[in-house]
Amino acid sequence: MSLLGGLLSTVFERRYRGDKGAGQVSRPFADLTVDLMRTTGEGTGIAVARAILDKFAASDDDEKLAFFRHLAEDLTISPEDVRTALDAYEQGQTKASYRAFMTAAEPPRQELIRRLNQVPGATRQLVAMRADLLRLGRDEAALDALDLDFRHLLSSWFNRGFLVLMPITWESPAHILEKIIAYEAVHAIDSWGALRARLEPADRRCFAFFHPAMPDEPLIFVEVALTGGIPGSVQGVLSEDRPVLEAEGADTAVFYSISNCQAGLASISFGNSLIKQVAADLSTALPNLKTFVTLSPIPGFAAWLQEVGYDVPAGDPARLTGLTALYLTTAKRPDGLPRDPVARFHLGNGAEVHRLHANADVSPKGMQQSHGVMVNYLYDLSRVSQNHERYAASSEIAASPEIRALTIAAEKAKA
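Reference entry: report on the structure contained in this document. (Residues numbered from 1 in each chain as written. Predicted model: local features only at pLDDT ≥ 70, side-chain atom pairs only at ≥ 80, totals over all residues. Heavy atoms only, no water.)

1. Notes on the overall build of the chain
No. 1: Looking only at helices and strands, one finds 19 helices and seven strands in the chain.
No. 2: Sorting the 415 residues of the chain into buried and exposed places 47% on the buried side.
No. 3: Within the chain, contacts between residues separated by at least 24 positions form 72% of all contacts whose residues are at least 6 apart in sequence.
No. 4: For the chain, the accessible surface area stands at approximately 19,900 Å², while carbon and sulfur atoms represent 53% of it.
No. 5: Distance from the positive charge centre (42 side chains) to the negative charge centre (51 side chains) of the chain: 3 Å. (Helix = DSSP H or I, 4+ residues; strand = E, 2+ residues; numbered from the N terminus. Buried < 20%, exposed > 50% of the residue type's maximum accessible area, 1.4 Å probe, protein only. Contact = heavy atoms within 4.5 Å. Areas by Shrake-Rupley, 256 points an atom, 1.4 Å probe, with all protein chains shown as cover. Lys, Arg positive; Asp, Glu negative; His and termini not counted. Charge placed at Lys NZ, Arg CZ, Asp CG, Glu CD.)

2. Details of unusual backbone geometry
Comment: phi is negative for the bulk of residues other than glycine, and the bulk of peptide bonds are trans.
No. 1: Positive phi values are uncommon outside glycine, yet D139 reaches one of about 70°.
No. 2: Checked against the element boundaries, D139 lands in the loop between α8 (122-136) and α9 (141-157).
No. 3: Look at S267: it is not a glycine, yet its phi comes out positive at around 75°.
No. 4: Checked against the element boundaries, S267 lands in the loop between β4 (252-260) and α13 (271-285).
No. 5: A residue is classified by how much of its surface remains accessible, and S267, at 52% relative accessible area, is exposed.

3. Considerations on helix α7 (residues 108-116)
No. 1: Among all positions in α7, only R109, Q110, L112, I113, R115 and L116 are buried.
No. 2: Contact partners of the buried residues in α7: α2 (29-38), α3 (42-57), α4 (61-74), α8 and α9.

4. As for the pattern of salt bridges
No. 1: Evaluated as defined, the whole model comprises 20 salt bridges.
No. 2: For the salt bridge of E223 with R198, the shortest nitrogen-to-oxygen distance reads 3.0 Å. Here E223, found in strand β3 (residues 220-227), pairs with R198, found in helix α11 (residues 192-199); they are 25 residues apart in sequence, far enough to count as distant.
No. 3: Judged by relative accessible area, which is 8%, R198 ranks as buried.
No. 4: Put simply, R333 and D335 hold a salt bridge, and the shortest N to O gap is 2.5 Å.
No. 5: Residues joined by salt bridges that share partners form a network here, namely D61, K64, D132 and R135. (Salt bridge = Lys/Arg side-chain N within 4 Å of Asp/Glu carboxyl O.)

5. Section: the layout of surface pockets
Rolled over the atoms, a probe sized like a water molecule indicates the empty space that remains.
No. 1: Here the largest pocket is characterised by a volume of approximately 810 Å³.
No. 2: Forming the boundary of the largest pocket are 37 residues, of which I258, N260, P341, V342 and F345 lie nearest the centre.
No. 3: Broken down by secondary-structure element, the contributors of at least two residues to the lining of the largest pocket are β4, α13, α16 (341-348) and α17 (364-370).
No. 4: Considering only enclosed or pocket space, the second largest pocket measures out at about 180 Å³ in volume.
No. 5: Contributing to the lining of the second largest pocket are H187, A188, I189, D190, A194, A197, R198, R204, V237, L238, E240 and R242.
No. 6: Contributing elements (two or more residues each) for the lining of the second largest pocket: α11 and α12 (234-238).
No. 7: Broken down by element, the residue count for the lining of the second largest pocket peaks at three residues, all from α11.
No. 8: Of the residues that constitute the lining of the second largest pocket, the class distribution is six nonpolar, one polar and five charged. (1 Å grid on protein atoms, 1.4 Å probe; cavity = no way out; pocket = protein on both sides within 12 Å on 5 of 7 lines; lining within 4 Å. Points joined across faces, edges and corners; volume = space filled by probe spheres on them. Nonpolar A, V, L, I, M, F, W, Y, C, P; charged D, E, K, R; others polar.)

What follows is the structure, given as structure tokens:
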């Protein structure tokens with residue numbers, strides 16, 4: 001910002017802030033948004049944008065919901081303007097007619113969000129704002145539409161070209177390590193000692209994506225175990241008493257936990273890029289690694305068994321894994337994609353349903369969601385692109401011969 005812009009910003013911040021301290025803005029949101037959309041000066045715009053962000057941060061849920069409804073109802077597109085612009089565009093595609101149509105077809109709230117993002121540090125606040133929108137705006141069609149605008153803009157601002165992949169080690173700053181503990185969503189980390197056991201040993205790795213606008217906030221991270229062969233128990237992987245394997249002696253990289261960190265970036269996918277980048281980097285750094293797999297939960301399996309009326313085959317691991325194979329390869333949503341959310345994620349990335357393990361997660365959570373069964377998704381770097389293309393084109397599920405055989409056997413037993 002120029003010196004003049006900074007001075008103007010200071011002047012206008014005084015106007016748009018109340019007398020009760022920073023963030024206490026007394027003017028209604030609707031007045032502030034009108035001012036922000038009308039302003040043309042840099043300093044003025046930043047001052048008004050900061051006032052809106054401060055007011056939102058200090059608002060309760062009812063006030064935040066009112067702000068979102070204001071954006072959804074008052075700053076949406078005008079159908080009449082769109083029709084008029086489209087009629088002109090159909091008469092002849094010119095620079096002017098195309099610009100007029102683009103302007104009419106874009107809701108003013110998108111430009112408002114862009115202007116809010118001019119404030120230093122605003123990207124983090126806008127991510128938090130979308131988290132509030134997702135939390136408060138459920139089942140309101142207009143707010144669902146508003147979320148598409150947030151998602152569109154955040155997808156552009158957080159595309160892969162802006163993301164920075166960084167290793168997380170026991171030597172990383174404490175404030176980053178604290179967030180790894182807080183954001184771990186698959187296998188909880190209950191102490192600093194447990195975190196150290198996941199980061200410090202020679203056979204452990206952790207990587208996270210960061211964004212330059214949020215350098216102290218991981219967006220997503222993956223924890224990796226370097227092993228000899230494909231493991232079949234997460235308790236074994238997480239055991240602090242296991243023999244530590246030197247990295248050069250490992251032949252398999254196991255992605256055993258992937259955690260999204262920012263609720264406001266939901267549905268903006270980083271995981272596919274993260275896994276592929278980490279696999280590529282590890283294969284370069286450790287040429288001895290030949291196999292890249294996950295050890296993944298199956299969160300929808302137990303619910304599906306109950307829904308379709310299958311009894312849990314106690315004491316029969318083969319039957320249990322057969323039913324799991326049937327679930328992963330045949331249970332679909334109405335749109336034809338796999339019912340299981342973790343399966344959708346990995347299959348969409350080009351992985352293969354590779355191997356199943358009974359009694360692989362005997363924690364209360366693991367038993368509740370999948371009766372202890374876990375799955376390896378294989379990332380064969382020579383086939384990932386082909387698998388992805390087939391899945392994208394026809395929802396074809398890549399599966400190993402072992403999984404295919406288990407599915408066929410389960411189908412016959414069902415009949």
